[in-house]
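# Structural characterization, general
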Amino acid sequence: MHHQLFKVRAVDLLSDYTLKVHFDDSSEQTIDFAPLLKGEIYGPLKQLSLFRQVKIDPETHTLCWPNGADFDPETLHNWNLYSSRLIEKTKHWGPL
């Protein structure tokens, strides 16, 4: 499978855990991250004060948070292809 390179250009907070992500190819994705907020890395993002600190990493051009959580830009760009599998994986990440 070919892994395409995309860059996140902007991000908008739409609601508590939903972001609109804008990419360098002029596409965008609206993503509800709530089902993924489990486990050691993503669980702390349930705290809205932390989730709202989302930034775009200047080197990797993806979403990142102060606790080290991030997502691959290609995964974000093609969310419809990956979201079901990611949500299924979170069932094994623990309750955090």
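Described below are features of the structure shown in this document. (Residues numbered from 1 in each chain as written. Predicted model: local features only at pLDDT ≥ 70, side-chain atom pairs only at ≥ 80, totals over all residues. Heavy atoms only, no water.)

### Side note on helix H4 (residues 79–90)
In plain terms, the rule: Working definition: helices are DSSP H or I runs of at least four residues, strands are E runs of at least two. Numbering for both runs from the N terminus. Take the residue count of a helix, subtract one, and multiply by 1.5 Å to get its expected span. Should any heavy atoms of two residues lie within 4.5 Å, those residues are counted as being in contact.
Spanning twelve residues, H4 covers 15 Å between terminal C-alpha atoms, matching the ideal 16 Å at 1.5 Å per step. Summarising the contacts, the buried residues of H4 are in contact with strand S3 (28–32) and helix H3 (73–77).

### Some words on the nonpolar core
Which entries qualify depends on this criterion: Here, the term nonpolar core denotes a set of buried Ala, Val, Leu, Ile, Met, Phe, Trp, Tyr and Cys residues that are joined through side-chain atoms within 4.5 Å. For every residue, the accessible area (1.4 Å probe, protein chains only) is compared with the maximum for its type, and the residue is labelled buried under 20%, exposed over 50%, or partly exposed between those bounds.
Counting 23 residues, the largest nonpolar core has Leu19, Phe33, Leu45, Leu63, Trp65 and Leu76 as its most contacted members. Where this core is concerned, the elements lending two or more residues are strand S2 (18–23), helix H2 (48–51) and H4. Leaving out residues up to four positions away in the same chain, Leu63 has contacts with Val8, Val11, Leu19, Val21, Phe33, Val54, Lys55, Ile56, Ala69, Asp70, Phe71 and Leu76.

### So, the sheet that holds strand S1 (residues 8–15)
Backbone-to-backbone hydrogen bonds pair the strands of a sheet. The strands run either parallel or antiparallel. Note the cut-off: For two strands to pair, DSSP has to find at least two bridges joining them. Helix axes are fitted to C-alpha atoms over the stretch in contact, other axes to C-alpha atoms as well, and angles between N-to-C directions run from 0 to 180 degrees.
Across the sheet, three strands lie side by side as S1-S2-S3; this open sheet has antiparallel pairing. For this open sheet the edge positions go to S1 and S3, each flanked by a neighbour on one side alone. Along the sheet, successive strands turn relative to each other by an average axial angle of 20°, direction set aside. Of the pairings in the sheet, the one linking S1 to S2 comprises six bridges and is antiparallel in character. Bridge pairing links Val8 to Phe23 in S2.

### Focus: the pattern of salt bridges
As a reminder, the rule being used: A side-chain nitrogen of Lys or Arg and a carboxyl oxygen of Asp or Glu constitute a salt bridge if their distance falls within 4 Å.
If you walk through the whole model with that rule in mind, you get two salt bridges. Linking Asp16 and Arg52 is a salt bridge whose minimum nitrogen-to-oxygen distance equals 3.6 Å. In this pair, Asp16 sits in the loop between S1 and S2 while Arg52 sits in the loop between H2 and strand S4 (55–56), placing the two residues 36 residues apart along the sequence. Assessed through its relative accessible area of 47%, Arg52 is described here as partly exposed.

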